[in-house]
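Architecture and fold: a report
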Amino acid sequence: MIITTLMIPICLYIIYLLFIITSSSPSSYSIYHSLFTSTSLITNSNSTISHHLYTLTRRPHVAGTQANADAASYVFSTFTSYSLPSRITSYHVSLTYPISRSLTLTHPQSDPPTSITFDLNQKIYSGDPYANEVLPTFHAYAKSGTAVGKVVYVNYGRVEDYDTLKQMGVNVSGTVVLVRYGEIFRGDIVRNAHLAGAVGVVVYTDKKDYGGCGSKNKGYPDDRWMPSSGVQVGTLYSGAGDPTTPGWASISSSNADCERLSDDEVEQSGDVPLIPSLPISWADGDFILRSIGGQVANADWQGCPDSSVYRVGPGPGFLNLTYTGSQVINAIQNVIAVIEGAIEPDRFVILGNHRDAWTFGAVDPNSGTAALLEVARRFGKLKRKGWRPRRTIILCNWDAEEYGLIGSTEWVEENREMLASRAVAYLNVDCGVSGPGFHASATPQLDELLKQATQQVRDPDNISQTIYESWITSSESPLIGRLGGGGSDYAPFVQHIGIPSVDILFGGGYPVYHSMYDDFVWMKKFGDPMFHRHVAAASIWGLVALQLADKEFLPFNYLSYANELQTSTKVLHDVVLDKGIDFTPIYKSIRNLEKAANKIANQIKALEETRHFILLRNKDSFKVRELNDRLMMAERAFTDRNGLLGRPWYKHLVYAPSSHDDYGSKSFPGIDDAIEVAKNLNTKEAWHVVQHEVWRTSRAITHASLVLNGDLT
Ligand SMILES: *[C@@H]1O[C@H](CO)[C@@H](O)[C@H](O)[C@H]1NC(C)=O
Ligand SMILES: *[C@@H]1O[C@H](CO)[C@@H](O)[C@H](O)[C@H]1NC(C)=O
Ligand SMILES: *[C@@H]1O[C@H](CO)[C@@H](O)[C@H](O)[C@H]1NC(C)=O
Ligand SMILES: *[C@@H]1O[C@H](CO)[C@@H](O)[C@H](O)[C@H]1NC(C)=O
């Protein structure tokens, strides 16, 4: 009798212990993690994704329009239907839309002189009921005005292209330049033209870069290529966030606006163009090219083998370009869903993708939005099965990315201190799917985690191997890009705050980019016919998020960072070998970072071993937190409160866009800028600035190792 009454509490205690072991041990979350990619959860998810994409891309949805507000409601109600608490956060921001455009080419030497006025329309193919809602082709934030002048062909419009013209004795001053898209950010195309003295810019899509050379290629809808009337639109703004609120959030309510720069002040910022420009099609560009005489352009400036011979001019073709845009303050909507963390609700793992598109946006960006909704669906399912993440997961659907990363930047600026003290990582997907082949970029402490996640997902284009195995076929270790470019919403997180970040996609560049042909039919025919690449993108995105949200110790590896910094330093060092710049401070700081990375890895290993004993766990949860905070904050140490010289919003001294190409990803942008200036001026003072930037960067790296070490000096 006594034995049995004693046995009840003992049994209960054993059950209780078992409960603790299963609920708080790492194996408990790994059950949910394998469920995340299990057949039971993802059967038919390709159809769900396809349905989301179809709904999101029915109509063109440019930022600030009703159609995009409707798309925001769709994302909001979908999050909500998956039981994720959600909200819409609005900002009032400065956006531009086209009012009128005209482009006339005059051939003064023909007899009589002939003039043609281009209609500037993209051809509508039958079966697209909302094509008439597409905005007239334009450049966002283009300068309103008229530019008339002889036309000069300047290849991709890079600084070196103008150097080539100079060597050929061609004077660009007072001309309207014809530039082809393809190598640099279009805002830099217009800036470089202005600096060279041009009065206007026409940017066309060369068949060689987007049309697929060869007469067999007719263009979409017959094949995947850009049709000859297709036009790539896009922004010229090279800053980040609302141009009228640099560094602070564009919050407004119905009765009060926030502080804003005047139009003149915005112009002085140097981030908006100062001469008019227009984007045009291959057909129109080809027509203008045929009106240009003068010297034959270099071989690498030519087009497809069957194109006409390109000459540089100036003239005799004469262009008259007029553009008028409207500048308005419109409301935009970020949609935000939150899964609160069970143990560390004040630590954030943030997933982000934008929603606004220049036209229908099937690839850019709604392949990513469809994947985000799929991640949300699976998280909702895990929640219903009892999963609660250790840390808080936040799903963000940004607005007005196309205009200049506005939705994400305003949110980051508004929440700067909270993010700087609490955000563990930011995971971006923009053009999620445009074809086969996985690509990733990351801040280097996340390299290992990416490799692990890709080992758990089958390659949708070859299910006999994992994405990781396909990824490494071309090289021994997978090629991971870096996040110095200004091309997507990771920029404010990495470059302004210093948050470890990732950006993933399937496919890469695609020919109908930013044209009205980036639509659901293109995706279904060419981008991802079965939507299995979308499913795989959601799997990797979610798995990376789950590891970051659930692992007791953050899966950050700073040895990768040290190796990456060593390589980048070597590259810069080689550029200025004969200039007497001393790179020893950086090499030294990298060695310290390496030591600190090893030290914290060993501390974690030691602590993990003691944690096999359940009873010790609660006792040192503060110690776990302290180690994680060091891992989280080490990335912040790469930022400098003064920012880059002349570009104070960019705080990160390792990753920021190149001054000459906002899309180019640069390591050590401060040193790189200074070298660029010094090469031009070649004065002692200018080379001294390079040395100063070397010191400043080495201090940031040293700060990162101090944070990792966790000791005060
Ligand atoms: C280029 O042309 C402009 C005006 O047409 C003129 O003022 C300038 O001196 C020229 N530059 C050179 C280097 O010939
Ligand atoms: C250029 O075009 C505009 C608009 O069509 C017109 O008003 C202007 O007179 C033209 N300028 C020249 C020099 O042809
Ligand atoms: C698919 O994967 C298998 C197994 O790794 C490999 O042997 C084969 O070459 C791959 N096929 C393609 C088309 O890459
Ligand atoms: C989803 O994938 C299956 C094959 O796995 C395919 O039969 C189906 O057509 C796909 N659904 C869509 C919408 O593409």
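The protein is annotated in an unreviewed UniProt entry as glutamate carboxypeptidase II of Aquilegia coerulea. Its UniProt record gives the protein the following Subcellular location (unreviewed entry) comment, quoted word for word: "Endomembrane system". In its Cofactor (unreviewed entry) section, UniProt records this for the protein: "Zn(2+)".

Counting its regular elements, the protein contains 25 helices and 19 strands. Computed over the C-alpha atoms, the radius of gyration of the protein is 27 Å, within 12% of the 27 Å expected from 2.2 N^0.38 for a compact globule of 713 residues. In terms of overall dimensions, the protein has a C-alpha envelope of 120 × 65 × 60 Å along the principal axes. Out of the 713 residues in the protein, the part that is buried amounts to 57%. Of all intrachain contacts in the protein linking residues separated by at least 6 positions in sequence, the fraction that spans at least 24 positions is 79%. As presented, the protein carries roughly 29000 Å² of accessible surface, and 56% of it is formed by carbon and sulfur atoms. Taken as two groups, the 62 positive and 73 negative side-chain charges of the protein have centres that lie 6 Å from each other.

Around ligand 3 sit Asn462, Ser464 and Gln465, and that is every residue in its neighbourhood. Measuring from an oxygen atom of ligand 3, one finds a side-chain N or O atom of Asn462 at 2.4 Å. Here an oxygen atom of ligand 3 sits 2.7 Å away from a polar atom, N or O, in the side chain of Gln465.

Let's shift gears to the environment of Ala601. Position of Ala601 among the secondary structure elements: in helix H21 (residues 584–610). Its relative accessible area of 39% is what places Ala601 among the partly exposed residues. A sequence separation of 43 residues divides Ala601 from Tyr558, and the C-alpha atoms of the two residues are 8.9 Å apart.

The rules behind each value
Residues numbered from 1 in each chain as written. Chains lettered and ligands numbered in written order. Predicted model: local features only at pLDDT ≥ 70, side-chain atom pairs only at ≥ 80, totals over all residues. Heavy atoms only, no water. UniProt positions renumbered as here; feature names shortened; annotations may be inferred. Helix = DSSP H or I, 4+ residues; strand = E, 2+ residues; numbered from the N terminus. Rg over C-alpha atoms; globule rule 2.2 N^0.38 Å. Buried < 20%, exposed > 50% of the residue type's maximum accessible area, 1.4 Å probe, protein only. Contact = heavy atoms within 4.5 Å. Areas by Shrake-Rupley, 256 points an atom, 1.4 Å probe, with all protein chains shown as cover. Lys, Arg positive; Asp, Glu negative; His and termini not counted. Charge placed at Lys NZ, Arg CZ, Asp CG, Glu CD. Near = heavy atom within 4 Å. Polar contact = N/O pair within 3.5 Å; in protein donor to acceptor, adjacent residues only side chain to side chain.

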